[in-house]
Each structure stands twice: as C-alpha cells, then as structure tokens.
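The primary structure of each chain is shown beneath.
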Amino acid sequence: MSEMTLLQDLQARGLVAQMTSEEELEKHLAEGSVSLYCGFDPTADSLHIGSLVPLLTLKRFQEYGHKPFALVGGATGLIGDPSFKAQERKLNDDATVAGWVEKLKKQVSQFVNFDSGENSAEVVNNLDWTQNVDVLAFLRDVGKHFSVNQMIAKESVKQRIDREGEGISFTEFTYMILQSYDFQQLNAEHGVTLQIGGSDQWGNITGGIELSRRKNGNQVFGLTLPLITKSDGTKFGKTESGTIWLDSSKTSPYAFYQFWLSTADADVYRFLRYFTFLPVAEIDRIDEEDAQRQGRPEAQGVLAREVTRLVHGEEGLAAAERITQALFSGDTAALSEDDYRQLAQDGLPSTDVKAAYGDTLAETPLTTLLVDAGMANSGKQIKDALQRNAVVINGQAYGAEDNMKAAEIFAEANARFGSYFLVKVGKKKHCLLTI
RNA sequence: GGUGAGGUUCCCGAGUGGCCAAAGGGAUCAGACUGUAAAUCUGACGCGCAAGCUUCGGUGGUUCGAAUCCACCCCUCACCA
C-alpha cells in the first residue's frame with residue numbers, strides 16, 4: 001500500500017459513485033480522524049451480500065484511522081425506503097423489526113473493530129432518537145426545512161411519481177426526511193461528518209447534508225458507492241436458490257464460497273476490487289496473468305477465498321474449501337469416514353433417509369426424495385435429470401427406470417462406510433444422504 | 001366521493017365462452033460443448049413416478065362448458081373534486 005490516500009484507493013477500486021466536493025472531502029479526511037456512518041435497514045433477519053460493499057467500506061475507512069458508526073435502522077426499517085423501488089412495500093410489524101435489529105447489530109459488528117482506541121466503531125439505532133419525537137415538533141422543527149417541490153424532483157422517487165400504475169404513500173415519501181434527521185442527529189451528538197451508502201442513497205444523503213447545515217450550521221459530506229452490476233444484466237446477489245445471506249445459518253460458508261467461485265470472468269476483476277482488501281496493483285497482476293494463461297482463470301478462486309474469509313473467517317473458509325475439494329476433485333472414493341462426517345458438519349446439506357422415510361422408502365420415488373432433500377424445486381426437474389443420467393449417487397448414475405428403486409439404491413451394501421451416500425444432481429448440486 | 005384503467009402461472013405480458021395448464025419473452029433447471037466459465041444448440045419449466053389433480057384478485061351466479069359473461073366484494077393506479 002503506497003502513498004495512496006483513502007479516496008484515491010476507493011477511486012482506483014471503482015468504489016466511488018458520487019461524492020460531495022472531492023477536494024473538500026479529501027482535505028477533511030486529511031485533517032484527522034473523521035466520524036462517518038452508514039445505515040442498514042432491517043428488512044430481513046440477516047443482511048445479504050448487497051450490504052457487503054458498504055460494510056467493507058466502513059472497514060476501509062477504519063483502517064485509515066477513521067471512526068465508523070454502523071446505524072441499524074430500527075426506525076427507518078418501520079417505514080421502508082422508497083428510493084428506486086418500483087413499488088410501495090408492505091410494512092413489517094414492530095416486534096419483527098425489533099428482532100431483526102438485534103440480529104443486524106451483531107452482524108454488522110463483525111466487520112468493524114470495536115477495540116481500536118480512538119477510532120473504535122460504534123453501533124447505533126435510529127429508533128433511539130426518533131421514537132419519542134412528537135409529530136408536531138417534528139413537523140415544525142424538521143419538516144419545515146424540506147421543500148416538497150425538491151423532494152418530488154428527486155430522481156429516487158421520480159419513477160414512482162411519474163410512472164403510470166404506481167404511486168407513493170406519504171409514509172414512504174417521508175423516509176427521506178427521517179434519514180436526513182439521522183444524519184443531522186449523528187452530526188450533533190457524535191460529530192459525524194460523513195455518510196456513505198449505496199448510490200441509491202444519494203438523494204437521502206444530500207437531504208441530511210442540507211439539514212445538518214441548516215440546523216447545526218455544519219458542513220458535512222456524503223459519498224456513495226456504486227451499484228454492483230453483473231455483465232450479463234442479471235441482478236447481483238441472487239442465485240437459483242435465492243439470496244446470498246451473510247448469516248452462515250442462512251447461506252452456508254460452502255454455498256457462499258461457491259457463489260463467488262462462479263463469478264463470471266467479465267465481472268471477477270471488478271469484484272476483486274470491490275470486495276477484497278487486496279491492493280489494486282495485486283489485482284491487476286492477477287488479471288494479467290489470467291489473460292496469459294489458457295483455461296481457467298485464477299481470479300475466481302482468489303475472490304472466493306478472500307471474501308469467504310472476510311465474512312466467515314478462517315474456519316468457515318477451511319470448511320468451504322474442504323467440501324469443494326471433496327465434491328469437485330472427482331475422487332470421492334478417496335474420502336475417509338471422517339471426511340464424510342466432516343462434510344455434514346461443514347454445511348453440505350444432509351438428510352437422514354432412514355429417519356425421514358423408514359419403511360416407506362420402497363414406495364418413495366427418487367423425485368420426491370431428492371426434492372425433499374433440497375436438490376430441486378419440483379419432481380419434474382429430478383425426472384428430467386434422471387432421463388439425462390444426471391443423478392449420480394456414490395459415483396453411480398441412475399436413470400428414469402430407477403425412480404421407484406430407492407430402497408435398493410439406499411441399501412446398506414451400497415453405502416460408504418455403511419451409512420453415507422453422496423448425491424449429485426447436475427454438475428453443481430450435491431447433498432449427503434445417510435442411512 | 002366521482003370518473004376511467006387495471007389485478008393471468010417466478011417476473012413481464014398475450015388470451016374476451018369450448019381447440020387453455022393458458023401464446024411470446026425473461027428468469028430458472030438439465031444435457032451437449034467447456035474452465036464447477038461465457039456464447040451457442042437441445043430438452044424441461046402449475047403439482048404429481050403415474051392415474052390424475054389444482055389454477056387466471058375473492059365470493060356467488062349464468063351455461064353442457066368460464067381466465068373469458070353477470071352480480072357483489074377486495075386491492076392497485078390515474079384524473080377530477
């Protein structure tokens with residue numbers, strides 16, 4: 001890491017979408033430790049990888065000596081951010097949101113350091129300063145600073161206002177004011193002078209800058225991160241099996257690792273810049289070397305390792321690599337009994353066939369059994385796979401005629417070490433069945 | 001409150017009495033080719049191994065037969081007040 005400033009590093013990584021006055025921000029950051037914040041709204045019981053860039057960016061700031069505040073939106077999560085959302089969203093009830101807040105607090109805490117003296121991180125909840133504000137006071141003291149004319153001109157709500165067939169409720173429309181109030185409060189109470197967020201947050205951030213200037217008389221700054229896009233135009237962070245969560249009980253380290261490993265070539269070097277702490281020069285070197293080499297690039301492996309380590313630690317990474325090695329090396333016969341036991345513990349989906357079906361195993365079609373095991377969404381998919389010899393159990397491929405032969409297939413004689421069956425459907429889906 | 005437009009299978013979107021489990025596209029899954037890529041080609045794609053079963057906002061009705069017609073209700077949007 002040479003003489004690069006934080007901003008230069010962020011820019012080299014493509015991590016800056018917009019910011020307020022580059023020169024002044026650069027100067028401000030050079031003056032000493034800056035307190036900054038980023039908000040995370042509880043919309044589920046875990047964050048997903050969409051929040052990873054902001055989380056890692058907080059960490060990047062902290063590594064440069066700044067003090068990060070992770071804000072969990074106990075209040076804003078009750079309202080719902082309309083920014084660039086096509087539709088009005090359903091409200092979640094208080095208790096649910098409160099539960100999510102607690103989980104997010106823990107999750108967010110993994111990424112920043114709470115024990116680094118002066119610039120130790122803090123976690124705050126905007127419910128703390130909003131729940132007791134009374135409506136009239138809010139309207140008079142805060143609302144008065146916002147012009148509806150300006151608010152409806154914001155790009156982030158434009159499509160909801162202009163577009164045929166959609167609309168926006170007053171509740172969601174007010175979201176921007178709440179977020180602005182957060183910034184102003186954090187500025188007043190904790191000396192926070194910078195807010196970062198996704199590029200969709202720009203409108204909300206500038207609102208807070210304006211409010212801090214008017215109410216606190218302080219100049220504060222904003223910086224947004226780019227929307228993560230994929231070259232094929234599909235949405236980042238989703239796979240066939242759903243969202244990639246940061247919580248290991250929702251997305252296992254193995255599945256997480258696999259997600260990154262399957263990053264498209266066209267995206268992988270960009271993602272290395274976004275999601276890892278590897279120096280940009282190092283990433284460029286990997287890019288060049290991959291370009292020279294025939295066959296499989298190295299970048300996906302590096303990306304998967306780095307990000308899995310950041311989110312799930314060395315242990316999670318080791319588990320993910322163990323499973324990957326076992327399943328994709330092609331040599332599953334070489335696995336020891338201990339290895340099989342380890343696979344299940346490491347997060348390879350597993351089912352106890354005997355416990356689940358017992359005597360009815362003989363009448364259970366493979367289609368049902370494998371759907372239950374989570375290998376497909378419907379029996380049709382398994383049927384299709386069977387017809388194409390894509391169902392492989394302990395190295396043996398089965399066809400459509402074997403559909404009703406579960407009892408024979410899962411006989412003890414066929415099991416590895418008397419109880420394990422490694423099932424593969426297609427090229428990438430695996431699970432462990434035991435008897 | 002008034003007027004108008006709508007609510008179709010994961011998404012978009014056709015379908016206005018039988019030929020509709022419902023066109024087309026996207027997404028997704030599987031196969032070939034590969035690098036656990038991309039692109040391309042092939043097949044699948046409501047549920048069910050199958051016989052068969054259940055869908056077109058909801059409820060009732062008309063009809064031999066309804067996603068399609070009628071009534072009421074719910075929801076969304078736009079404009080007007």
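In this report, we go over the structure that sits alongside the text. Starting from 1, residues in each chain are numbered consecutively following that chain's sequence as written. In the order they appear in the text, chains get letters beginning with A and ligands get numbers beginning with 1. Only residues with pLDDT of 70 or above have their local features reported here, since the model is predicted, and side-chain atom pairs are shown and tallied only from 80 upward, although totals for entire chains, interfaces and linings are computed over all residues. Here the side-chain values reflect all heavy atoms present in the structure, with hydrogen atoms and water set aside.

Some points on the overall build of chain A
This is how it is decided: A run of DSSP states H or I qualifies as a helix once it reaches four residues; a run of E qualifies as a strand once it reaches two. Both are numbered from the N-terminal end. Each residue is assigned to one of three classes by its accessible area relative to the maximum for its type, calculated with a 1.4 Å probe on protein chains only: buried under 20%, partly exposed between the two thresholds, exposed over 50%. By definition, residues are in contact when any of their heavy atoms lie within 4.5 Å. Residue-level accessible areas treat just the shown protein chains as cover; the underlying method is Shrake-Rupley with a 1.4 Å probe. In this tally, Asp and Glu contribute negative charge and Lys and Arg positive charge; neither His nor the terminal groups of the chain are included. Throughout, a charge is located at the NZ atom of Lys, the CZ atom of Arg, the CG atom of Asp or the CD atom of Glu.
Across its full length, chain A carries 21 helices and 13 strands. Its C-alpha atoms give chain A principal-axis dimensions of roughly 80 × 50 × 40 Å. The buried share among the 435 residues of chain A stands at 48%. For chain A, long-range pairs separated by at least 24 residues make up 73% of all intrachain contacts whose partners lie at least 6 apart in sequence. Accessible surface, chain A: about 21,000 Å² in total, of which carbon and sulfur atoms supply 48%. The average position of the 43 basic charges and that of the 60 acidic charges among the side chains of chain A differ by 4 Å.

Quick look at the side chain of Q179
Among the structural elements, Q179 can be located in helix 11 (residues 175–190). Beyond its immediate sequence surroundings of up to four residues, Q179 is in contact with Y37, T76, Q195, Q201, N204 and I205.

Focus on the sheet that holds strand 10 (residues 391–393)
Threshold: Here the rule is simple: two strands pair whenever DSSP picks up at least two bridges between them. In this analysis, axes come from line fits to C-alpha atoms, helices being fitted only over the stretch in contact, and the angle between any two N-to-C directions falls in the range 0 to 180 degrees.
Spatially, 9-13-12-10-11 is the arrangement adopted by the five strands of the open sheet, whose pairing is mixed. Two strands close off the open sheet at either side, each with one partner strand: strand 9 (350–352) and strand 11 (396–398). Direction aside, the axes of adjacent strands within the sheet are offset by 25° on average. Direction of pairing for strand 10 relative to strand 12 (residues 420–425): antiparallel, over a ladder of three bridges. If you follow V391 over to strand 12, its bridge partner there is V425.

What about a nonpolar patch on the surface?
Put simply, the rule is: By definition, no residue in a patch forms a salt bridge, and every one has over 30% relative accessible area; like charges are joined within 9 Å, nonpolar side chains (Val, Leu, Ile, Met, Phe, Trp, Tyr) within 5 Å. Only one rule defines a salt bridge in this text: a Lys or Arg side-chain nitrogen within 4 Å of an Asp or Glu carboxyl oxygen.
Taken together, V135, L136 and L139 make up a surface patch of nonpolar side chains, about 320 Å² in accessible area. As for its position among the elements, L136 is in helix 7 (residues 135–141).

Description of the packing of helix 3 (residues 52–63) against helix 14 (residues 265–275)
Quick reminder of the rule: Each angle receives one of four descriptions, namely roughly parallel if under 35 degrees, roughly antiparallel if over 145, roughly perpendicular if within 65 to 115, and oblique otherwise. Throughout this entry, Asp, Glu, Lys and Arg are counted as charged residues, while Ala, Val, Leu, Ile, Met, Phe, Trp, Tyr, Cys and Pro are counted as nonpolar. The remaining residues, Gly among them, count as polar.
Look at helix 3 against helix 14: their axes get within 9 Å of each other, and the N-to-C directions meet at 50°. In terms of orientation, helix 3 and helix 14 fall into the oblique class. Contact residues: helix 3 offers L52, V53, L56 and R60, while helix 14 offers R273, Y274 and F275. Residue classes in the contact of helix 3 with helix 14 are distributed as five nonpolar, no polar and two charged.

What to know about the sheet that holds strand 5 (residues 192–198)
Pairing in this open sheet of six strands is mixed, and the strands run 1-6-5-2-3-4 from one edge to the other. In this open sheet, the two strands that pair with only one neighbour each are strand 1 (18–19) and strand 4 (122–125). Here strand 2 (residues 35–40) runs beside strand 3 (residues 67–72); their pairing, made up of six bridges, is parallel. When the bridges of strand 3 are listed, L36 appears paired with P68. Packed on one face of the sheet, helix 2 (residues 22–30) meets strand 1, strand 5 and strand 6 (221–225) and runs near 105° to strand 6. Sheet strands in contact with helix 11 are strand 2, strand 3, strand 4, strand 5 and strand 6, and its direction is about 145° off that of strand 5.

Overview of empty space enclosed by the protein
The following threshold applies: The rule is simple: put a 1 Å grid over the protein atoms alone, call a set of points where a 1.4 Å probe fits but cannot get out a cavity, call an open set with protein on both sides within 12 Å along at least five of seven lines a pocket, and count a residue as lining if it has an atom within 4 Å of a point. Grid points are joined across faces, edges and corners, and a volume is the space filled by probe spheres set on the points.
Enumeration according to the criterion identifies two cavities of 30 Å³ or more in this entry. In this structure, the second largest cavity spans a volume of roughly 50 Å³. In terms of lining, the second largest cavity is formed by P82, S83, M151, K154, S156, V157, F173, M176 and N204.

Some points on the pattern of salt bridges
Inspection of every chain in the model, using the stated rule, returns 20 salt bridges. Ionic pairing is found between D284 and R273, a salt bridge with its closest N-O pair at 2.5 Å. Here R273 lies in helix 14 and D284 lies in helix 15 (residues 280–292), a separation of 11 residues in the sequence. Taken together, the shared-partner salt bridges connect E210, R213 and R214 into one network.

Points about unusual backbone geometry
A positive phi is found at N389, a non-glycine position, where the angle reads about 55°. A positive phi angle, near 55°, is found at F417, a position not held by glycine. One can find F417 in the loop between helix 21 (406–409) and strand 12.

Overview of the pairing of strand 5
Among the seven residues that make up strand 5, six are buried, leaving the element largely enclosed by the rest of the structure. Two elements, strand 2 and strand 5, share three bridges in a ladder whose sense is parallel. When the bridges of strand 5 are listed, S35 appears paired with V192. The pairing of strand 5 with strand 6 spans five bridges and is classified as parallel. Considered in strand 6, the bridge of Q195 is made with G222.

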